[in-house]
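Report on the structure
Residue-level listing of the chains:
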There are 2 protein chains.
Amino acid sequence: MRAIIASRNSILRLSKYKNALNRFQKLGYVRVFSDILADAVGGTSAQVRKDFSLFGIKGNKRGGYNADELLGKLNDILGKNTRQSVIIAGAGKIGMALVKYKGFENEGISIVAAFDIDPAKIRQGGDIPVFPLDELKAFVKTNDIRIGIIAVPDIAAQQVFEIMVSSGIKGVLNFAPIRLKETADVVVNNVNVELELENVIYFVNALERTGSK
Amino acid sequence: MRAIIASRNSILRLSKYKNALNRFQKLGYVRVFSDILADAVGGTSAQVRKDFSLFGIKGNKRGGYNADELLGKLNDILGKNTRQSVIIAGAGKIGMALVKYKGFENEGISIVAAFDIDPAKIRQGGDIPVFPLDELKAFVKTNDIRIGIIAVPDIAAQQVFEIMVSSGIKGVLNFAPIRLKETADVVVNNVNVELELENVIYFVNALERTGSK
């Protein structure tokens, strides 16, 4: 496969096309067209064709795309044909909800271990093992882990991030409501549920103040 | 207060300034400058001043901003000086993690009830009551709820969204990995943890394929 460094947004769209395709397949679709994919993810069919052509995926103008083939190619581009092992720092409410969340397994993502600084949270049984935080580095190196999730309180997040980076982690999904001081060779995506909810609340309030319906 | 319909991004930045200010206050800061706020959220000090001036917040060039006053104004703009009651549809893993998450309470957000279609999940005790989904509409109307969270499987999300909208919900935070068919007078923000994690994995794989470090 060509190694393409695509934009973050084009990759997010490929993930969405892939999710939509999975749903269409379950509904029995054998061929799909760019317009139905565009409709499912909220874009235009020109954008869909442009995204696919960037990654060397060609459709047939008359027949659209073969759903099986297209899904295989998208999974290949997105690295989903190999299982991804992920570790998580923070075994609190958010961390353990992620561990128990079935959506990841369906996507070929395995959370293989959690790490916490609180001795009361350490355990070997349950869904996955929870180890002391100071064992994170050795675990990541031994098991060649590339991806980490940060689900610790904001005051601990930067320190945990630095431990992950020094251990060899190359990609981080950060749930702590703080901006990490990033390094050039590590990818960080942020998920901030509080900010998103505050944002919804603000706009509802603002719309009501202006008297819009 | 002036009713301003600001951009989504400027409001997300105001939320971030507010979070940073909360941290600075805990550290004992009495005055803050635009550059330290910019640094905390990853922007420029010119952007900070522009955002503040849009909402009529003025600083003193020499002395920066009084931290207490600034926080009060930001909380006012963000609607945080009044408690926000929120309902949640879906009492599964993600839904219940949100119910138990303490971060919302700290931000003046109360999740007051959950709703689920599964009779086994209905209960009156625990952190908050879980009611049958078909009671959502009456509850929202009776309690004048404006904000809803969707944490149901993707196949149910659109239907739940329509129930919420017809009940009078004006803002939705959607955790289902699907695009909702939105209406003009309802604000929808999407949080898609799987997509964000897939995105991190893609970029780590892509960087490794190109031999970057």
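Throughout this document, residue positions are counted from 1 along each chain, in the order its sequence is written. Note on labels: chains are lettered from A, ligands numbered from 1, in written order. pLDDT decides what is reported in this predicted model: residues at 70 or higher carry local features, side-chain atom pairs at 80 or more are listed and counted, and totals for whole chains, interfaces and linings draw on all residues regardless. Calculated side-chain values reflect all of the structure's heavy atoms, with hydrogen atoms and water omitted.

**Structural notes on the overall build of chain A**
Across its full length, chain A holds 9 helices and 8 strands. In terms of overall dimensions, chain A has C-alpha extents of about 60 × 55 × 35 Å along its principal axes. Counting over 213 residues, chain A shows a buried share of 52%. Computed with the Shrake-Rupley method and a 1.4 Å probe, the accessible areas treat only the protein chains shown as cover for residues. Total accessible area computed for chain A in this model is approximately 10,100 Å², and 51% of it derives from carbon and sulfur atoms. Secondary structure follows DSSP: runs of H or I at least 4 residues long count as helices, runs of E at least 2 residues long count as strands, and numbering of each begins at the N terminus. Only protein chains enter the accessibility calculation, which uses a 1.4 Å probe. A residue is then buried if its area is under 20% of the maximum for its type, exposed if over 50%, and partly exposed in between.

**A look at the domain arrangement of chain A**
How big an interface is tends to be expressed through the accessible area that disappears when the partners come together. Delimitation of the domains relies on an automatic or database domain assignment. The domain architecture assigned to chain A consists of domain 1 (8-77) and domain 2 (84-195). Here the C-alpha centroids of domain 1 of chain A and domain 2 of chain A sit 31 Å apart.

**Things to note about the environment of Phe 55 of chain B**
Within the secondary structure, Phe 55 of chain B sits in the loop between α3 (45-54) and β2 (65-66). The sequence separation of Phe 55 of chain B and Gly 108 of chain B amounts to 53 residues, and the corresponding C-alpha distance is 21 Å.

**Description of the side chain of Asn 174 of chain B**
The topology assignment puts Asn 174 of chain B in strand β7 (residues 171-174). It only takes one pair of heavy atoms within 4.5 Å for two residues to be counted as in contact. Setting aside chain neighbours within four positions, we find Asn 174 of chain B in contact with Ile 150, Leu 180, Val 188, Asn 189, Asn 190 and Val 191 of chain B.

**Quick word on the interface of chain B and chain A**
The partner chain A presents 71 residues to the 71 residues of chain B that form the contact. The contact between chain B and chain A buries some 6,500 Å² in all, and 66% of this surface belongs to carbon and sulfur atoms. For this analysis, a polar contact is any N or O atom pair within 3.5 Å, provided that within protein one partner can donate a hydrogen and the other can accept it, and provided that sequence-adjacent residues contribute only side-chain to side-chain pairs. Where chain B packs against chain A, one counts 11 residue pairs in polar contact (both at pLDDT 80 or more). Secondary structure elements with two or more residues in the side of chain B that touches chain A: α1 (8-26), α2 (34-41), α5 (93-100), α6 (103-106), β6 (147-150), β7, β8 (187-190) and α9 (193-209) of chain B. Three classes are used: nonpolar for Ala, Val, Leu, Ile, Met, Phe, Trp, Tyr, Cys and Pro, charged for Asp, Glu, Lys and Arg, and polar for all others, with Gly counted as polar. Here the side of chain B that touches chain A is built from residues that sort into 37 nonpolar, 12 polar and 22 charged. A quick way to say it: buried area is the sum, across both parts, of accessible area lost when two parts are put together, with a 1.4 Å probe.

**Re a positive patch on the surface**
Exposure above 30% relative accessible area and the absence of a salt bridge qualify a residue for a patch, where like charges join within 9 Å and nonpolar side chains (Val, Leu, Ile, Met, Phe, Trp, Tyr) within 5 Å. The rule for a salt bridge is simple: a side-chain nitrogen of Lys or Arg has to be within 4 Å of a carboxyl oxygen of Asp or Glu. When charges are counted, Lys and Arg contribute as positive and Asp and Glu as negative, whereas His and the chain ends are disregarded. Charge positions are represented by NZ for Lys, CZ for Arg, CG for Asp and CD for Glu. On the surface, a cluster of positive charge is made up of Lys 93, Lys 100, Lys 102 and Arg 123 of chain A together with Lys 93, Lys 100, Lys 102 and Arg 123 of chain B. Only α5 (93-100) of chain A together with α5 of chain B provide two or more residues apiece to the positive patch. Along the chain, Lys 93 of chain A falls in helix α5.

**Observations regarding the pattern of salt bridges**
All names here are of chain A. If you walk through the whole model with that rule in mind, you get 12 salt bridges over all chains. Put simply, Arg 83 and Glu 105 hold a salt bridge, and the shortest N to O gap is 3.0 Å. Here Arg 83 is found in the loop between α4 (67-77) and β3 (84-89), whereas its partner Glu 105 is found in helix α6 (residues 102-106), with 22 residues between them in sequence. Relative accessible area serves as the criterion here: at 42%, Glu 105 is assigned to the partly exposed category. Residues Asp 118 and Lys 121 are paired through a salt bridge, measuring 3.6 Å at the closest nitrogen-oxygen approach. When its relative accessible area of 28% is taken as the criterion, Asp 118 is described as partly exposed.

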